[in-house]
Amino acid sequence: MITYFNGTFVPKDDVRVSPDDRGFLFGDGVYEVARTYGGKLFALDRHLARLRYSLDQLRIRGTDVDRLGDVCRELLRQNDLGSRDAVVYLQVTRGAAPRTHAFPSPAVGPTVYGYAAPITPKFDPGKGVAAITVPDTRWARCDIKSVSLVANCLANQQAAEAGVFEAIFVRDGVALEGSHTSFFAVIGGEVRTVPLTNYVLPGITRGVVLELCRSNGIPAKEAPIFAHQLNQAEELFLAGTTTEVLAAVQLDGRAVAGGRPGPITSRLRELFCTFSSGPAE
Ligand SMILES: Cc1ncc(COP(=O)(O)O)c(C=O)c1O
């Protein structure tokens, strides 16, 4: 695999990350995951805008984010992924410097890494997946796409050990999002997902789903999904770059929508697939 590392394209095995890298020592970095449909990058501008936001919030300077679009395309080209569905991963850390909590002074350049790989779906969208709810043990800046994902890893491991696909974080009685997906409910015929706050990632797929609801006359609102409402929801679904729109047909061992993808979820999945296979942004 050919990867991108600090300005050059190199075989993955030749990448050398310093043990002083602040991504390694502190999780002091951010990332993005975009994907292609038929070789075309989907919503790349939105992903780069979110990367810019994450970098800005952490005050990680010195990355030419505009150039990273070309890096993504070159990764796809060099790895022969021009005609198949693939993910592109980008990561930027604050760089390598002797370990101190405060930012290095003088500042060092960021470490920038990227790779592209074929997508291998781990679910059957026609069947949907199961999920569990877990307490949200993450920090209070979940709006930043930080590489500090250990709380997400622990939650997802709990899901794996329970034999289910996703763990949905619940904080102060509100179901926020999954360990690696945005979370939606259909309540009273209306699609609902929590409003954007510091406690959720502004998911790119989430945004597209809300736009698709609006442009197709599907009632939708951004409002809290209270944990106590979950068993009244007609449908539940997840949304994410690699997950797309995916029905959650079981939550905490209880069947949702009769244990099959419900009609609104299925329609949104269809609309999303049509939209994502359209012209690249
Ligand atoms: C915590 C979390 N929420 C939501 C999402 C979905 O975001 P996107 O649609 O941009 O992939 C992700 C994706 O990785 C995530 O990690």
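Caption draft 1: The arrangement of the overall build of the chain in detail. Along the chain, the regular secondary structure elements total six helices and 15 strands. For the chain, whose C-alpha radius of gyration is 19 Å, the value lies close to the compact-globule estimate of 19 Å for 281 residues. Principal-axis analysis of the C-alpha atoms gives the chain an extent of 55 × 40 × 35 Å. Buried residues in the chain amount to 40% of all 281 residues. In the chain, of all internal contacts separated by at least 6 residues, the share reaching a separation of at least 24 is 70%.

Caption draft 2: Focus on the site of the ligand. Lining the immediate environment of the ligand, one finds 13 residues, of which G203, I204, T205, G240 and T241 sit closest. Sorting the residues of the shell around the ligand by element identifies α5 (204-215) and β13 (235-240) as the ones contributing at least two each. With three residues, α5 is the largest single contributor of residues to the shell around the ligand.

Caption draft 3: How the structure looks around the domain arrangement of the chain. If you check the domain split of the chain, you get domain 1 (2-118) and domain 2 (129-276). The distance between the C-alpha centroids of domain 1 and domain 2 comes to 26 Å. Between domain 1 and domain 2, the contact holds 20 residues from the first and twelve residues from the second. Among the secondary structure elements, those contributing two or more residues to the side of domain 1 that touches domain 2 are β3 (29-37), α2 (44-57) and β5 (86-93). Ranked by residues supplied to the side of domain 1 that touches domain 2, first place goes to β3 with eight residues.

Caption draft 4: Highlighting the nonpolar core. Ranked by internal contacts, the top residues of the largest apolar core, which has 68 residues, are V88, A131, V209, F237 and A248. Two domains each donate at least three residues to this core, and these are domain 1 (2-118) and domain 2 (129-276). Not counting residues within four places of it along the chain, the set of residues in contact with A131 comprises A159, V164, F165, E166, A167, I168, G178, A248 and L251.

Caption draft 5: Quick look at α2. Across its 14 residues, α2 extends 20 Å between first and last C-alpha, which sits within 8% of the 20 Å expected from 1.5 Å per residue. As for α2, its buried residues are in contact with β3, β4 (40-42), α3 (65-78), β5 and α5.

Caption draft 6: Seen up close, the sheet that holds strand β6 (residues 111-118). Pairing in this open sheet of six strands is antiparallel, and the strands run β2-β1-β6-β5-β3-β4 from one edge to the other. In this open sheet, the two strands that pair with only one neighbour each are β2 (8-11) and β4. When strand polarity is set aside, the average angle formed by the axes of neighbouring strands in this sheet is 30°. One ladder, built from three bridges, connects β3 with β4; its direction is antiparallel. Pairing of Y37 across the sheet is with K40, part of β4. Across the sheet, α2 is in contact with β3, β4 and β5; its angle to β3 comes to roughly 180°.

Caption draft 7: Just unusual backbone geometry, in detail. Look at the link from S105 to P106: it is a cis peptide, with omega at 0°. With respect to the helices and strands, P106 occurs in the loop between β5 and β6. Even without glycine at this site, D252 takes up a positive phi of about 50°. Locating D252 in the fold gives a position in the loop between β14 (244-251) and β15 (254-255). Taking the C-beta count within 10 Å as the criterion, D252 has 16 such neighbours and is therefore assigned partly exposed. Of note, the phi angle at A257 is positive, near 50°, even though the residue is not glycine.

Caption draft 8: Representation of the environment of T93 in the model. Along the chain, T93 falls in strand β5. Take T93: there are 24 C-beta atoms within 10 Å of it, and that puts it in the buried class. Through-space distance from the C-alpha of T93 to that of F26 is 9.7 Å; in sequence the pair is 67 residues apart. If we ignore the near neighbours within four places in the chain, the residues touching T93 are D21, R22, G23, D28, G29, P110 and T111.

Caption draft 9: Representation of the packing of α5 against helix α6 (residues 263-276) in the model. At their nearest, the axes of α5 and α6 sit 10 Å apart, and the two run at 105° to each other. Taken together, the axis directions place α5 and α6 in an arrangement best described as roughly perpendicular. When α5 is examined against α6, the residues V208, V209 and L212 are found in contact with a partner set consisting of L268, L271, F272 and F275.

Thresholds, definitions, all that
Within each chain, residue numbers correspond to sequence positions counted from 1 in written order. Where local features are concerned, this predicted model is filtered to residues with pLDDT of at least 70; where side-chain atom pairs are given and counted, the filter is 80 or more; whole-chain, interface and lining totals use all residues. Only DSSP runs of H or I covering at least 4 residues are called helices, and only runs of E covering at least 2 are called strands; the numbering of each starts at the N terminus. For this measure, only C-alpha atoms enter the radius of gyration; the expected value for a globule follows 2.2 Å times N^0.38, where N is the number of residues. Exposure classes come from backbone-placed C-beta atoms, where a residue is buried if 20 or more other C-beta atoms lie within 10 Å of its own, exposed if 12 or fewer do, and partly exposed in between. Working definition of a contact: two residues with C-beta atoms, positioned from the backbone, lying within 7 Å. Near, as applied to residues and a molecule or strand, means the residue's backbone-placed C-beta atom lies within 6 Å of it. Where each domain begins and ends follows an automated or database-derived domain assignment. In this usage, the nonpolar core is the set of buried Ala, Val, Leu, Ile, Met, Phe, Trp, Tyr and Cys residues whose C-beta atoms join them within 7 Å. Take the number of residues in a helix, subtract one, and multiply by 1.5 Å to get its expected span. For two strands to be treated as a pair, DSSP must find no fewer than two bridges joining them. As a rule, the C-alpha atoms of each element are fitted with a line to give its axis, helices using only the stretch in contact, and angles between N-to-C directions run from 0 to 180 degrees. Here the angle decides the label: under 35 degrees means roughly parallel, over 145 means roughly antiparallel, 65 to 115 means roughly perpendicular, and every other value means oblique.

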